[in-house]
Amino acid sequence: MSLPKKVKIVEVGPRDGLQNEKETISAELKIELVNRLTSAGFVNVEAASFVSPKWVPQMATSGEVMRGIARKPGVIYSALTPNMKGFEAALEAGADEVVIFGAASEAFSQKNINCSIAESIERFREVALAAKQNNIRLRAAVSCAFGCPYQGEVPLSSVSDVVGRFRDLGCDEIDIADTIGVATPNKVAPVMQAAIREFNIDGLSGHFHDTYGQALANIYASLEVGITIYHSSVAGLGGCPYAKGATGNVASEDVLYMMQGLGIETGIDLDIVVDAGQFISQHLGRKAVSRAGNAIAAKRLG
Ligand SMILES: CC(C)(COP(=O)([O-])OP(=O)([O-])OC[C@H]1O[C@@H](n2cnc3c(N)ncnc32)[C@H](O)[C@@H]1OP(=O)([O-])[O-])[C@@H](O)C(=O)NCCC(=O)NCCSC(=O)C[C@@](C)(O)CC(=O)[O-]
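Residues numbered from 1 in each chain as written. Predicted model: local features only at pLDDT ≥ 70, side-chain atom pairs only at ≥ 80, totals over all residues. Heavy atoms only, no water.

## Section: helix 10 (residues 252-262)
- For helix 10, every residue scored as buried is listed here: Ser252, Glu253, Asp254, Val255, Leu256, Met258 and Met259.
- If you follow the buried residues of helix 10, they end up packed against strand 1 (8-11), helix 9 (215-225), strand 8 (229-232), helix 11 (270-284) and helix 12 (291-301).
- A positive phi of about 75 degrees marks Gly263, the residue just after helix 10. (Buried < 20%, exposed > 50% of the residue type's maximum accessible area, 1.4 Å probe, protein only. Helix = DSSP H or I, 4+ residues; strand = E, 2+ residues; numbered from the N terminus. Contact = heavy atoms within 4.5 Å.)

Take a look at the structure:
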């Protein structure tokens, strides 16, 4: 099968990337990061998360961030919403898309959102209905689709089951997530095919963490299957607070460099993303995790 000619890259750094940072990051810095990313051309940025601040303290300023962003027409600013409390806060803050986040693993569901998969779907049902009533896009994440830090192997049938349940809630997009970055390219097609059997391929995305250095290879394997939406995080920021040892998402700079090389259109200016990656890494006091980003930054210095 030939590769897609065009893909959508969803930038998740301001949420998935920063949620695990130990030091409190100011709302101003998060806002500046989001603005830099949209100026690079991202049309979908995951900017906030309306979860319990006791569970994820770093996301406590989400309302301030959403309200402070310089809104760019045409850009979808997304926010995570685990329940109605989160949904109401996201609505008030002007989120264009809400993200319900479940898992293909029972054990992860309990650790991450303190309920079973079945209970989570019931909570999400209310959120889904409210999103439809308010004309807000609805996205769902399926964590641990390729493996779980607590239960290990995750059967394909669990992935199909959760994707089907999210489809029935009326989701516009469903993310197939490798939360702990354990997938290898041979594992990608079976999982994506299980999801494709349940949901429209154009609405499925690949959300790969790069813990074992496999994310780009896994994205390539997903391109071969025909997936056209990918998530990435500027400077490779990130990690999930409820998945020990999981590192960041695949770096946006690396994905963009690969897409450029493959001749796949993204609509995003890699140079501006490199600047944004260097900017946030300097503020966090460490080197960006992006190989392409660091190489381009070093080349500029001559
Ligand atoms: C889901 C809950 C809230 C259940 O947590 P719970 O303790 O079962 O909830 P509860 O309903 O009993 O409420 C407990 C307290 O939290 C408050 N509360 C309740 N809901 C909210 C809310 N929305 N916003 C703010 N506060 C909230 C509520 O008001 C109450 O406050 P108290 O009375 O004790 O003062 C909790 O487990 C939680 O917040 N979990 C979030 C965990 C999280 O954010 N994980 C990281 C994101 S997922 C991820 O990164 C994976 C993903 C998406 O990127 C894809 C991938 O790679 O796999």
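## A short note on the site of the ligand
- Around the ligand lies a shell of 28 residues, among which Arg15, Lys54, Asn114, Ser143 and Thr179 are the nearest.
- One of the backbone N or O atoms of Phe50 is found 2.9 Å from a nitrogen atom in the ligand.
- Between the ligand and Thr179 there is a distance of 2.5 Å, counted from an oxygen atom to a side-chain nitrogen or oxygen.
- When the free accessible area of the ligand is taken as 1100 Å², the share hidden by the protein chains comes to 75%.
- Contributions of two or more residues to the shell around the ligand are made by helix 1 (13-17), helix 4 (84-93), helix 5 (106-113) and strand 5 (137-143).
- Considered class by class, the residues forming the shell around the ligand number 13 nonpolar, 10 polar and five charged. (Near = heavy atom within 4 Å. Polar contact = N/O pair within 3.5 Å; in protein donor to acceptor, adjacent residues only side chain to side chain. Areas by Shrake-Rupley, 256 points an atom, 1.4 Å probe, with all protein chains shown as cover. Nonpolar A, V, L, I, M, F, W, Y, C, P; charged D, E, K, R; others polar.)

## Considerations on the nonpolar core
- If you look at the biggest cluster of nonpolar residues, it comprises 101 residues, and the most contacted ones within it are Phe166, Ile176 and Ile280.
- Beyond its immediate chain neighbours, meaning those up to four positions away, Ile176 contacts Val142, Ala145, Phe146, Val163, Val191, Met192, Ala195, Leu204, Ser205, Gly206 and His207. (Core = buried A, V, L, I, M, F, W, Y, C linked by side-chain atoms within 4.5 Å.)

## With respect to helix 11
- Under the 1.5 Å per step criterion, the end-to-end length of helix 11 is 21 Å for 15 residues, consistent within 8% with the ideal 21 Å.
- Among the residues of helix 11, those classed as buried are Leu270, Val273, Val274, Ala276, Gly277, Phe279, Ile280, Ser281 and Leu284.
- Where helix 11 starts, the residue carrying a side-chain oxygen 2.9 Å from the main-chain nitrogen of Asp271 turns out to be Asp269.
- Downstream of helix 11 by one or two residues, Gly285 has phi in the positive range, about 75 degrees. (Expected span 1.5 Å × (residues − 1).)

## Looking at the packing of aromatic side chains
- Applying the stated criterion across every chain yields a total of three aromatic pairs.
- Ring centres 6.0 Å apart and planes at 40 degrees place the aromatic pair Phe124 and Phe166 in the tilted group. Residue Phe124 is found in helix 6 (residues 117-133), and its partner Phe166 is found in helix 7 (residues 156-168); the two are separated by 42 residues along the sequence. Residues Phe124 and Phe166 agree in their burial class; the two are buried.
- Ring geometry for Phe146 and Phe208: centres 5.6 Å apart, planes at 45 degrees, overall tilted. One end of the pair, Phe146, is in the loop between strand 5 and helix 7; the other, Phe208, is in strand 7 (residues 204-208), and 62 residues separate them in sequence. (Phe/Tyr/Trp six-rings, centres within 6.5 Å; stacked < 30°, edge-to-face > 60°.)

## Topic: the packing of helix 10 against helix 12
- Running from amino to carboxyl end, helix 10 crosses helix 12 at an angle of 85 degrees, the nearest separation of the two axes being 6 Å. Taken together, the axes of helix 10 and helix 12 lie roughly perpendicular to each other. Residue-level inspection shows Glu253, Asp254 and Tyr257 of helix 10 in contact with helix 12, the latter providing Arg291, Ala292 and Gly293.
- A per-class count over the contact of helix 10 with helix 12 returns two nonpolar, one polar and three charged. (Axes fitted to C-alpha atoms, helices over the stretch in contact; angles between N-to-C directions. Parallel < 35°, antiparallel > 145°, perpendicular 65-115°, else oblique.)

## Points about the pattern of salt bridges
- Overall, the coordinates contain 18 salt bridges when judged by the stated rule.
- Of the charged contacts, one joins Arg15 and Asp16 as a salt bridge, the two residues approaching to 3.5 Å between their closest N and O atoms. When sorted by exposure, Arg15 lands in the same class as Asp16, which is buried.
- In this structure, Asp172 and Lys132 form a salt bridge, with 3.8 Å as the shortest nitrogen-oxygen distance. Taken as a pair, Asp172 in the loop between helix 7 and strand 6 (173-178) and Lys132 in helix 6 lie far apart in primary sequence, 40 residues in all.
- With a relative accessible area of 32%, Asp172 lands in the partly exposed category.
- Using a relative accessible area of 42% as the deciding quantity, one classes Lys132 as partly exposed.
- Counted as one network, the salt bridges with shared partners bring together Lys8, Arg15, Asp16, Glu46, Glu97, Arg137, Arg139, Glu173 and Asp175. (Salt bridge = Lys/Arg side-chain N within 4 Å of Asp/Glu carboxyl O.)

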